[in-house]
Amino acid sequence: MGMYSEKVMNHFANPRNVGELPDANGVGEVGNAKCGDIMRMYLKVEDGRIADVKFMTFGCGAAIATSSMATELIKGKSIEDALKLTNKAVVEALDGLPPVKLHCSVLAEQAVKAALADYYTRQGIDPEPILGKLDEHSCASCGGDCGA
Ligand code: FES
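Residues numbered from 1 in each chain as written. Predicted model: local features only at pLDDT ≥ 70, side-chain atom pairs only at ≥ 80, totals over all residues. Heavy atoms only, no water.

### A short note on the overall build of the chain
In step 1: When its secondary structure is counted, the chain shows 7 helices and 3 strands.
In step 2: Out of the 148 residues belonging to the chain, those deemed buried represent 47%.
In step 3: As presented, the chain carries roughly 7,400 Å² of accessible surface, and 52% of it is formed by carbon and sulfur atoms. (Helix = DSSP H or I, 4+ residues; strand = E, 2+ residues; numbered from the N terminus. Buried < 20%, exposed > 50% of the residue type's maximum accessible area, 1.4 Å probe, protein only. Areas by Shrake-Rupley, 256 points an atom, 1.4 Å probe, with all protein chains shown as cover.)

### So, the sheet that holds strand β1 (residues 26-31)
In step 1: One open sheet holds the 3 strands; their spatial order is β1-β2-β3, and the pairing between them is antiparallel. The open sheet has two free edges, formed respectively by β1 and β3 (49-58), since each of these has just one partner strand. Averaged over all neighbouring strand pairs, the angle between strand axes comes to 15°, with direction disregarded.
In step 2: Bridging between strand β2 (residues 38-46) and β3 involves 9 bridges; their strand directions are antiparallel. (Pairing = 2+ DSSP bridges. Axes fitted to C-alpha atoms, helices over the stretch in contact; angles between N-to-C directions.)

### Concerning the environment of Lys-77
In step 1: When you line up the elements, Lys-77 lands in the loop between α2 (61-74) and α3 (79-83).
In step 2: The spacing of Lys-77 and Ile-50 is 27 residues in sequence and 5.6 Å in space, taken between C-alpha atoms.
In step 3: In contact with Lys-77, not counting residues within four places along its chain, are Gly-48, Arg-49 and Ile-50.
In step 4: Here Leu-73 takes part through its backbone oxygen, which lies 2.9 Å from a polar atom of the side chain of Lys-77. (Contact = heavy atoms within 4.5 Å. Polar contact = N/O pair within 3.5 Å; in protein donor to acceptor, adjacent residues only side chain to side chain.)

### Observations regarding unusual backbone geometry
In step 1: Backbone geometry at Asn-17 places phi at a positive 60°, although glycine is not the residue there.
In step 2: In this structure, Asn-17 sits in the loop between α1 (6-13) and β1.
In step 3: Backbone geometry at Asp-47 places phi at a positive 50°, although glycine is not the residue there.
In step 4: By the element assignment, Asp-47 lies in the loop between β2 and β3.

Encoded structure:
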């Protein structure tokens, strides 16, 4: 006990915005090659805002908690604000994560970015100048240990 904050436990046990969005106009999927966890993010963008967001995560508890918190942090926000979401902000909003689980939060940030990139692509806009190159997550890049 005590490894996870109350907020992490709460979002793990009771994740917000779980499911699929049939009318999403931005969908992103990212995976962690090492642990095999997968996160899919659905966005419905309307008038430059995240009108709705849902996610599906097949992964560890920290991945579920961070995706849940990420959806809460971007729901109703402008695209510009959603673009600024960092895994650090997600972790802070959850009152922290154990260091060995920090990489799971990277997945949440990347899933939001991948969904926004898909949104831009569908609008005929090249996402790369806006979002930069989206790297595949690798544990080597974040130094995480997937606990696998
Ligand atoms: Fe792989 Fe958490 S995302 S262990």
